[in-house]
Amino acid sequence: MENFVYHNPTKIIFGKGTETLVGVETKAYADRVLLHYGGGSIKKTGLYDRVVASLKAAGVDFIELPGVQPNPRLSLIQEGIELCRKHQLQFILAVGGGSVIDSAKAIAAGVPYAGDVWDFFARKAEIKAALPVGVVLTIAAAGSETSPASVVTKEEGALKRDIGSDLLRPKFAILNPELTYTLPPYQTACGVADIMAHIMERYFSRTPDTDLADRLCEATLRTVIKYAPIALQNPTDYTARAEIMWAGTVAHSDLLGRGKVEDWGSHMIEHEISGIYDVPHGAGLAVIFPAWMQYVYQTDVNRFARFAVRVWAVEMDFAHPEKTALAGIERLKTFFRSLGLPVTLTELKVGTDRLEEMAAKCTARGPVGNFVKLDKEDVLAIYQLAQ
Ligand code: NZQ
Ligand code: ZN
């Protein structure tokens, strides 16, 4: 096990009706805030009205910035930075999913910075200060509600890039599983794929002697595998929604990867797809993760066999561990398919014409991943395997 620091200070408020606490939680940080949300789902579901009522009851004034698109865009973030400066807003309240939260985090980093906020994403500057951010989460998926990361797409060049700083971890995250009842099935499934990917990015590590972290990963995966079909069959099953929502936060809260070198190659490879083709990140991962596994499993057949046995209950073939490993990858693909997710680039409606370009962009700053370091040719081979 590697030495580590584990410090995730986001206050999590979990359960039915908890969004009514948002006013009081926000008031602890500011009197005037930016209320940031997406394309309108929160208005349709009535959540917007409840949030506004809670803010007003607590005496919090707000300026609104709606319109965050999935795969959040830089231009709206720049608008948000200007709004915060103009109205001297001291806090950003994100009501929505990973895209809204990531947009809020980028605004938070951009407000106190004199240069262009994209400098952080281009690794030209380091985040030294940020406004505080709070979250009311409406989809179990990205884990941005406690993570230090923000992933943003710059329209020019279709560049999807990430930043990470502890300064960006939300101060609080309100998690009411009931808010996820209204998710379209495909969006629920994409969220599940992303949650599983966040766990697997940590599970597939070459660091030896990490038994507790491995078993936490396996347990979290099994929980999601059990409850995802139930949530799809009955979208208002509270237990299923609650287990998935909590798993989504745990999956990306850093706990599961402590003491290990994490991978993150599949995420880097996927971001090129959602950056250009504007597909949901989780759908991209459902295609890329199994292809990545197929490409790298021989590096550590035993780990992949353990994944098959412990997560998917595949029977161990001691004479041919490779067969067990491959059976685990197949089970993952079958599971994604059963949720209605694509598992090939063709199903995702991504053609072959830009694969070279994507592989080059993905590795422009050097090889990606840690389980196996992947250069441009490797990444291209993974895209080809995923066709
Ligand atoms: O915009 P609205 O109208 O709200 O609709 C959204 C959006 O269309 C809808 N939705 C959300 N909650 C809903 C709902 N519809 C009905 N009922 C609800 N309760 O769902 C759609 C997708 O929302 P989005 O926020 O894009 O989903 P997600 O949470 O999956 O976020 C994806 C983004 O997060 C990034 C991804 O790359 C992607 O850009 N990630 C961020 C990470 C981080 N910051 O730590 C880590 C992840 O690996 C990921 O890269
Ligand atoms: Zn992800």
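Residues numbered from 1 in each chain as written. Chains lettered and ligands numbered in written order. Predicted model: local features only at pLDDT ≥ 70, side-chain atom pairs only at ≥ 80, totals over all residues. Heavy atoms only, no water.

(A) Here's a closer look at unusual backbone geometry. Within the chain, N71 stands out as a residue other than glycine whose phi angle is a positive 60 degrees. The phi torsion at A313 lies on the positive side, around 55 degrees, for a residue other than glycine. Looking at the secondary structure, you find A313 in the loop between α12 (301-312) and α13 (321-338). (Helix = DSSP H or I, 4+ residues; strand = E, 2+ residues; numbered from the N terminus.)

(B) Geometry of the coordination of the zinc ion (ligand 2). Protein coordination at the zinc ion (ligand 2) comes from D194 (OD), H198 (NE2), H267 (NE2) and H281 (NE2), with a distance range of 2.0 to 2.2 Å. Of note, the donors binding the zinc ion (ligand 2) are all from one chain and are spaced D-x3-H-x68-H-x13-H. Remark: H267 occurs in helix α10 (residues 265-277) and H198 occurs in helix α7 (residues 185-203); sequence separation between them is 69 residues. Residue H198 is classed as buried on the basis of its relative accessible area of 3%. (Donors = N, O, S within 2.8 Å, 3.2 Å for Na, K, Ca; no water. Buried < 20%, exposed > 50% of the residue type's maximum accessible area, 1.4 Å probe, protein only.)

(C) Expanded view of the nonpolar core. Ranked by internal contacts, the top residues of the largest apolar core, which has 106 residues, are M196, F204, W292, M293, F304 and Y383. Two domains each put at least three residues into this core: domain 1 (11-179) and domain 2 (183-386). Excluding residues within four positions of it along the chain, F304 makes contact with F204, W292, M293, V296, Y297, A325, I329 and F371. Residues A30, F91, V95 and V136 belong to the second largest nonpolar core, which totals 21 residues. (Core = buried A, V, L, I, M, F, W, Y, C linked by side-chain atoms within 4.5 Å. Domains from an automatic or database assignment. Contact = heavy atoms within 4.5 Å.)

(D) The site of ligand 1, seen in detail. Not every one of the 32 residues close to ligand 1 is listed here, only the nearest: S41, G98, S99, S147 and H198. Classifying every residue of the shell around ligand 1 gives 11 nonpolar, 18 polar and 3 charged. Counting the residues that make up the shell around ligand 1, at least three belong to each of domain 1 (11-179) and domain 2 (183-386). (Near = heavy atom within 4 Å. Nonpolar A, V, L, I, M, F, W, Y, C, P; charged D, E, K, R; others polar.)

(E) Fine view of the pattern of salt bridges. Applying the stated criterion to the full structure yields 19 salt bridges. Note that R161 and E272 form a salt bridge whose closest N and O atoms lie 3.0 Å from each other. Residue R161 is found in strand β7 (residues 159-164), and its partner E272 is found in helix α10; the two are separated by 111 residues along the sequence. A residue is classified by how much of its surface remains accessible, and E272, at 3% relative accessible area, is buried. Between R306 and D214 there is a salt bridge, with the nearest N and O atoms lying 3.3 Å from each other. (Salt bridge = Lys/Arg side-chain N within 4 Å of Asp/Glu carboxyl O.)

(F) The arrangement of the packing of aromatic side chains in detail. Applying the stated criterion to the full structure yields 19 aromatic pairs. Relative to W292, the ring of F204 lies with its centre 5.9 Å away and its plane at 65 degrees, an arrangement referred to as edge-to-face. Taken together, the positions of F204 in the loop between α7 and α8 (211-233) and W292 in helix α11 (residues 281-296) put the pair 88 residues apart, joining distant regions of the chain. The pair formed by F204 and W292 is uniform in burial state, with each residue classed as buried. Here the aromatic cluster, defined as three or more aromatic residues joined through ring pairs, consists of Y203, F204, F289, W292, Y297, F304, F307, W312, F335 and F371. A cation sits over an aromatic face here: K43 above Y48, 4.5 Å from the ring centre. (Phe/Tyr/Trp six-rings, centres within 6.5 Å; stacked < 30°, edge-to-face > 60°. Lys NZ or Arg CZ within 6 Å of the ring centre and 35° of its normal.)

(G) Summary view of the packing of α7 against α8. Look at α7 against α8: their axes get within 10 Å of each other, and the N-to-C directions meet at 170 degrees. Regarding the angle of α7 to α8, the classification is roughly antiparallel. Counting all contacts with α7, which are made through P185, T188, V192, I195, M196, I199, M200, R202 and Y203, the residues of α8 involved are D214, C217, E218, T220, L221, V224, I225, A228 and L232. In terms of residue class, the contact of α7 with α8 is made up of 13 nonpolar, 2 polar and 3 charged. (Axes fitted to C-alpha atoms, helices over the stretch in contact; angles between N-to-C directions. Parallel < 35°, antiparallel > 145°, perpendicular 65-115°, else oblique.)

(H) Structural detail: the domain arrangement of the protein chain. Partitioning the protein chain into structural domains gives domain 1 (11-179) and domain 2 (183-386). Distance from the C-alpha centre of domain 1 to the C-alpha centre of domain 2: 26 Å. With 33 residues of domain 1 at the interface, the matching set in domain 2 holds 29 residues. Summing the contributions of domain 1 and of domain 2, the shared interface buries around 2,400 Å²; its carbon and sulfur component is 57%. The three residues of domain 1 that bury the most area against domain 2 are A140, K160 and P177, which together make up 21% of that side's buried surface. Where domain 1 touches domain 2, the interface holds 3 salt bridges. (Buried area = accessible area lost by both parts, 1.4 Å probe.)

(I) View of the sheet that holds strand β1 (residues 11-14). A sheet is described by the order of its strands in space; here 6 strands give the open sequence β1-β8-β5-β4-β2-β3, paired in parallel fashion. Two strands bound the open sheet, and with one partner strand each, they are β1 and β3 (61-65). Strand-to-strand twist in this sheet, taken as the mean axis angle between neighbours without regard to direction, amounts to 20 degrees. With 4 bridges connecting them, strand β5 (residues 133-137) and strand β8 (residues 172-175) associate as parallel partners. (Pairing = 2+ DSSP bridges.)

(J) Representation of the environment of Y113. Among the secondary structure elements, Y113 is positioned in the loop between α5 (98-110) and α6 (118-121). Taking C-alpha positions, Y113 is 8.4 Å from A130, a pair spaced 17 residues apart along the chain.

(K) Region of interest: α13. Taking 1.5 Å of rise per residue, 18 residues should cover 26 Å, and α13 covers 26 Å from first to last C-alpha, within 8% of that figure. Within the span of α13, buried status applies to T324, A325, G328, I329, L332, K333, F335 and F336. In this structure, the buried side of α13 is in contact with α7, α8, α11 and α12. Looking one or two places after α13, you find G340, whose phi comes out positive at around 90 degrees. (Expected span 1.5 Å × (residues − 1).)

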